Structures are given as structure tokens and as C-alpha cells.
Amino acid sequence: MTVYLVGAGPGDPGLMTVRARELIAAADVIIHDRLIPVTALDGARPDARLIYAGKQGGGEQVPQSEITSMLVDYGRKGTVVVRLKGGDPFVFGRGGEEAEALREAGVSFEVVPGVTAGIAASAYAGIPVTHRDLASSVAFLTGHEDPDKPDSALDWKALAAFPGTLVVYMGVRQLGAIASRLIAAGRAPDEPAAVVERGTMAGQRTVVATLATLARAAAEAGVRAPAVAIIGPVVELRAQLQWLESRPLHGVKVAVTRAREQASRLAERLGALGAEVLVAPVISTETLPGPPPDLDAYDLICFTSPTGVAALFERLGAAGRDARAFPPPSAARVAAIGPATARALLERGIRADVVPAQAVGEALAAALGDVPVSRALVARAREARDIVPDALRARGAEVDVVAVYETVVEPLDEETVEAVAAADYITFTSASTVRNFLAAAGGAQAWLARGPARPRVASIGPVTSAELCACGLSPDVQATNHDTDGLIDALIRA
Ligand code: SAH
């Protein structure tokens, strides 16, 4: 019906527009480029057709004529077609040509702008492209073509005289020729200039120099595509305004081994603090189906993980019930092992009465010390420590342990193990992540044999640390609060 020419932004998935996300979720066909955010297609329908139309392994680009006729064909078939491009579709993205072809073929189209790389990379580098005192105008130019080519579309003289910031979308190899052309045409060689590599993506780098020295500085730093150059006095503001590199975990590579279902919050928070996150789940959780326990039979109901909360509510849901199945507060107490578990309960309408600050069984057992209990339910994983049930039984309570989920081993391929080995930190959030990761890495001995270059070890708490020590891997960092936030705090302090 309609072909949507959609900008996917410069790389940071958070910079995709709401409209882009909506259209990706609705599309029958998505024809995308290479430079789109890594998670851009995650929201696509499972039955959507995803077609890659970028350069094949640095080689030949799918010819533009082919892409255009594909757009027209799918557009005519009456499907929802998304043409997803890096940055903005109309900024050096050939979106204009594609729109023209669609118009000619009588296929209706809409354009969804995106955050363009030149603006985004500058912003993330702490360089305002305009500034009241330093630049009242900004020009975007493409330096992909060979600047020495006689029919170059660029008017170097006009660009050199341009009274404002120049932002150049270019191949890094072109940088020297572009700078020489500008200088030859009269631009000051000592004008501040910067090149921003992988703007807004993990590992963004910025090299600052002058127009005359930028190409050399970039080559020395090994700057590679994609990159933009920014030329103008505004570049000097970076010295005060750089913010990306000041984030507490900037540039720190952190591997996350916990189950994918639980990894996202940790990964997101680490990413927001500047870390490069590698999600390498070595376990996954599977809920165990069964009838919901009769909650009215208990005067204490304990949860030892957010997954346990989700799994119990799944059982309630399957039986057509909800939070109202819990006994009233006058009849029973609800206990959560820590703040994350309490949050999972609260999200489902249950406020936990007992929440120790430390999310470990011992702390929960201690916190339950004064709570009167005759019959308790512990909803938890199939394989777990018995600290809480034992402590309650020791006080004469009758305890039912209900396994509402189990953790299963998730294999890691060799490539992922190698990627983890190259990280600065590997995080372990349970004893089972330790065991499974080491098994995937060929055993503790093989892992230790990698020597001091292997990642430092971050443990969520004493139980996980004990397992690490038992494997000969003492943790370099251990969280004081045994939850996601505690682990992040420990990494920041390390
Ligand atoms: N339509 C895109 C630009 C496509 S041209 C947009 O609006 O951003 C491709 C060029 O854009 C690359 O060669 C590079 O110069 C620049 N570019 C794209 N993504 C970039 C990024 N994340 N960081 C730096 N430059 C980027």
C-alpha cells in the first residue's frame, strides 16, 4: 500500500524515533541498510521479510536500481514496506532518488526523518554544531566522492568561504584530500577540527586536531568508518562539553552471563553508564507449569527471586486468578528476598511485608526472625539452597517448597566465549552462571590458563563468590548489595 522511507538514526537504538519503531513492528517487508542500530529489527514481526540491501562484506553494494525496483515491486503488491536507512533517509541516503522512483511508479510513500549522523555524532562528542558566539550556520557535505575528480560536485571555494561549521560525511581515506582542498581554497589550516568515529555507537571515538593535521591524527589513531569530520571553532567547546567519556563506565566492556530474560535491565543500565555490554546468557529460566498453590493455607509466603514471582503469577493466571488469590494482610505476610523481588511483586499488586536489604537467603531468614509463622510457602527454583525453608522449619513452622521454575543450561558458541574473554569484566549473578560459563569455556583450568589478560570477575554476592572460589576464580569485585544495582555500584567503584 505504502512504502515508508524511514530513518533509523545514527546507531544508538535509543535515538530511533517512536514512528520508526511503530512502522518496523507493522511492516510486512523491511529493506534495510548496513548502518542501522544493532537492535533496530528486534521489534519486527516474526513473519516479516527482512531484506539486506547494503554492502556485502565491504564489497559491492546492492545496485541502487535493484533496490529501487524492489521497493516499487513490493509497494505495488500492497504490503507495508519499510525502507530502513541509517540516520535520516533524505540526508546523503539516496532517499530522494527512491522517493522519485516511487512517485514515478505511482506507489504512495511517506518519509520518516531520522537523527542524522552529523548532528548526533557531534552532540555525543560534546560539539554543538552551532553556537551563538562561534557559528551561526552549519553546512553538511558529503566527501565520499574523490575530491580530486574533475567533476566533483563540491564547490570548494564556496565551502572554504562558508561562514560556519562544516560537517563532512565521508570515507576516512578521503579526509586528507578534503582538508587539502579546503586549505587550498582558503580555509585556515589551524581551524579546529575533529573526526568522530562510530558516533553514538558502542566505542565512539573522537580525535581533535586542526584542519591541517586532522587526517594524520585520524590515521595515527586508526580511525575507521563510519566517521564524520567537524570543522570550525565550535570544536574547541568539546574541551568543556564532552560528556560521553565522563560517564562512570565509559568504554568498559562488560559481559553479562545471566539469563536473557533477566539480563536486559542489567544490560540497559550498564549501557546507560557508558559500558559496552556483551550479553552472553549461560542459563535460561523455564517456568514449571502446575496448579497454583492455595495461598489461603499459609500465613507466610516467600519469594526468592523475581523469576519466582513471575512464575507463580503465571500459574495463577493459567487458573484464571490474579493478585486477589493472596490472603489479606491480616492473615499472611509476604516476604521477598530483596528489592528486585519486592519490585516484581509490587508490579503485580502485592506489597511485600518483609524485604531484607541484602538479597541472600541468610538475610531473609534473619529478617523473618520476628515474624510469627505456622505454615509457610516458599516459591522458588527447582534447584536452590534450603536456607530459608530450614530456618523456618527450625522454628517449628510447616514449610511447603514449591518449585515454580527451573534454570536450564544455555550453550555458548566458541565465538561468544572468545568475545567474553576479550571483555574487561565478566559478571556472575548466581552460582549456576559460574558453573555453566566455565563449562562453556572448556572448564575452569582452561579459563585460568588464559592468564592475566582474561576479564576481571564481578560477583553479585557471597554465594556466587563461594562458587567462584571453589572453581579457583576469586572474584575481583563483589557487590555490597546483592542485586543488579549493587553489582553496578561495585563496577563503578572498581
Ligand atoms: N543518511 C545517513 C548518512 C548516510 S551516508 C545519515 O543521515 O546519517 C553514510 C556516512 O554517514 C558514513 O560514511 C559516515 O560518514 C556517516 N555516518 C553514518 N553513521 C555514522 C556514525 N554512527 N558515526 C559517524 N558517521 C556516521
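Reading the values: rules and limits
- Residue positions are given per chain, counting from 1 as you read along its sequence in written order.
- It should be noted that, the model being predicted, local features are given only for residues of pLDDT at least 70 and side-chain atom pairs only at 80 or more, the latter also being counted only at that level, while totals for whole chains, interfaces and linings use all residues.
- Calculation of side-chain values draws on the structure's entire complement of heavy atoms; hydrogens and water are dropped beforehand.
- For two strands to count as paired, DSSP must find a minimum of two bridges between them.
- Per the convention used, a helix needs a DSSP run of H or I reaching at least four residues, while a strand needs a run of E reaching at least two, with both numbered from the N terminus.
- Think of each axis as a best-fit line through the C-alpha atoms, taken over the contacting stretch in the case of a helix, with angles from 0 to 180 degrees between the N-to-C directions.
- In what follows, a contact means two residues having at least one pair of non-hydrogen atoms within 4.5 Å.
- What makes a residue near a molecule or strand is one non-hydrogen atom of that residue sitting within 4 Å of it.
- In protein, a polar contact means a hydrogen-donor-capable atom and an acceptor-capable atom, both N or O and within 3.5 Å, with residues adjacent in sequence counting only if both atoms are side-chain atoms; elsewhere, any N or O pair within 3.5 Å suffices.
- For the accessible areas, the method is Shrake-Rupley and the probe is 1.4 Å, while residue cover comes only from the protein chains on display.
- Only rings of Phe, Tyr and Trp enter the pairing, Trp through its six-membered ring, and a pair is recorded when the two centres are within 6.5 Å. The plane angle decides the type: under 30 degrees is stacked, over 60 is edge-to-face, the rest tilted.
- Per-residue accessibility, obtained with a 1.4 Å probe over protein chains only, is compared with the maximum for each type, and a residue is labelled buried under 20%, exposed over 50%, and partly exposed between these values.
- Only Lys NZ and Arg CZ are tested; either one counts as a charge over a ring when it is within 6 Å of the ring centre and within 35 degrees of the ring normal.
- For the domains described, the bounds stem from an automatic or database domain assignment.
- Two helices that cross are described as forming a left-handed crossing if the nearer one is turned anticlockwise from the farther one by less than a right angle, and a right-handed crossing if clockwise.
- Charged residues are taken to be Asp, Glu, Lys and Arg, nonpolar residues to be Ala, Val, Leu, Ile, Met, Phe, Trp, Tyr, Cys and Pro, and polar residues to be all remaining types, Gly included.
- Any residue with relative accessible area above 30% and no salt bridge may belong to a patch, with like charges joined within 9 Å and the nonpolar Val, Leu, Ile, Met, Phe, Trp and Tyr side chains within 5 Å.
- Salt bridges are counted wherever a side-chain nitrogen of Lys or Arg sits within 4 Å of a carboxyl oxygen of Asp or Glu.
- Orient the strands so they point away from the viewer, and a crossover whose first-strand-to-second-strand path over the helix runs clockwise is right-handed.

K.L.:
Could you clarify how one ought to interpret the sheet that holds strand β15 (residues 333-336) in this entry?
P.N.:
Strand pairing in a sheet is mediated by backbone hydrogen bonds. Such pairs are either parallel or antiparallel. With mixed pairing, the five strands of this open sheet are ordered in space as β13-β17-β16-β14-β15. The open sheet has two edge strands with one neighbour each: β13 (283-287) and β15. Taking each pair of neighbouring strands and ignoring which way they run, the sheet shows an average axis angle of 20°. Together, β13, β14 (300-303), β16 (375-381) and β17 (398-409) form the strand contacts of helix α10 (residues 306-318), whose direction differs from that of β17 by roughly 105°.

K.L.:
Explain the site of the ligand to me, please; I cannot follow it from the model alone.
P.N.:
What surrounds the ligand is a group of 19 residues, the closest being Asp88, Val91, Thr116, Gly199 and Ala227. Val91 places a main-chain nitrogen or oxygen 2.7 Å from a nitrogen atom of the ligand. In this structure, Gly199 approaches the ligand through a main-chain N or O atom, which is 2.8 Å from a nitrogen atom. Out of a free accessible area of 550 Å², the ligand has 90% covered by protein chains.

K.L.:
Explanation requested: the packing of aromatic side chains in the structure shown.
P.N.:
The geometry of two aromatic rings is summed up by the distance between their centres and the angle between their planes. In total, this model carries seven aromatic pairs according to the counting rule given. Plain terms: the ring middles of Phe140 and Tyr169 are 6.2 Å apart, the flat faces sit at 70° to each other, and that makes the pair edge-to-face. With Phe140 in strand β6 (residues 138-142) and Tyr169 in strand β7 (residues 165-170), the pair connects residues that are 29 residues apart, well separated along the chain. Between the aromatic rings of Phe437 and Trp447, the centroid separation amounts to 4.9 Å while the plane-to-plane angle is 90°, which identifies the pairing as edge-to-face. Taken as a pair, Phe437 in helix α15 (residues 431-440) and Trp447 in helix α16 (residues 444-448) lie far apart in primary sequence, ten residues in all. Using a relative accessible area of 0% as the deciding quantity, one classes Phe437 as buried. Aromatic rings pair up to connect Phe92, Phe140 and Tyr169 into one cluster. Its end group placed over the ring of Phe313, Arg348 keeps NZ or CZ at 5.9 Å from the ring centre.

K.L.:
I tried to follow the domain arrangement of the chain on my own but got confused; where do I start?
P.N.:
The parts lose accessible area when they come together, and the size of an interface is often stated as this lost area. What the domain assignment reports for the chain is domain 1 (3-115), domain 2 (119-246), domain 3 (253-282 + 410-493) and domain 4 (286-406). In this structure, domain 1 and domain 4 have C-alpha centres spaced 48 Å apart.

K.L.:
What is the right way to read the packing of helix α9 (residues 260-272) against helix α18 (residues 484-493) from this model?
P.N.:
In helix packing, the relevant descriptors are the interaxial angle and the interaxial distance, both defined with respect to the helix axes. As a packed pair, α9 and α18 sit with axes 10 Å apart at the nearest point and diverge in direction by 30°. Crossing hand, α9 versus α18: right-handed. Facing Arg265, Leu266, Arg269 and Leu270 of α9, the residues of α18 in contact are Thr484, Asp485, Leu487, Ile488 and Leu491. Of the residues contributing to the contact of α9 with α18, the split by class is five nonpolar, one polar and three charged.

K.L.:
Which parts of the structure should I look at to understand a nonpolar patch on the surface?
P.N.:
On the surface, Phe90, Phe109 and Val111 cluster together into a nonpolar patch covering about 240 Å² of accessible area. Here Phe90 shows up in the loop between β4 (81-85) and α3 (95-104). Judged by relative accessible area, Phe90 falls into the partly exposed class, the value being 45%.

K.L.:
Before we go on, may I ask you to explain the pairing of strand β12 (residues 276-279) in this structure?
P.N.:
The side chains of a regular strand alternate, residue by residue, between the two faces of the sheet. Taken together, the four bridges between strand β11 (residues 253-256) and β12 define a ladder with parallel strand orientation. Bridge pairing in β12 links Ala255 to Leu278. Once the chain exits β11 it traverses α9 before rejoining the sheet at β12, and the crossover so formed is right-handed.

K.L.:
Any chance you could explain the side chain of Lys85 here in plain terms?
P.N.:
In this structure, Lys85 sits in strand β4. Engagement of the side chain of Lys85 in a polar contact is seen with the side chain of Glu98, the distance being 3.3 Å. With near-sequence residues (within four places) excluded, Lys85 lies in contact with Val6, Gly7, Ala8, Gly9, Asp33, Ile36, Gly93, Arg94, Gly95 and Glu98.

K.L.:
When you look at α15 in this model, what are you seeing that I'm missing?
P.N.:
Counted residue by residue, α15 has seven buried out of ten residues, so it is predominantly covered. Three or more residues of α15 are buried, namely Ala431, Ser432, Thr433, Val434, Asn436, Phe437 and Leu438. For α15, the elements touching its buried residues are β13, β17, α14 (414-421), β18 (425-428), α16 and α17 (462-470). Immediately downstream of α15, the backbone of Gly442 shows phi near 90°, a positive value.

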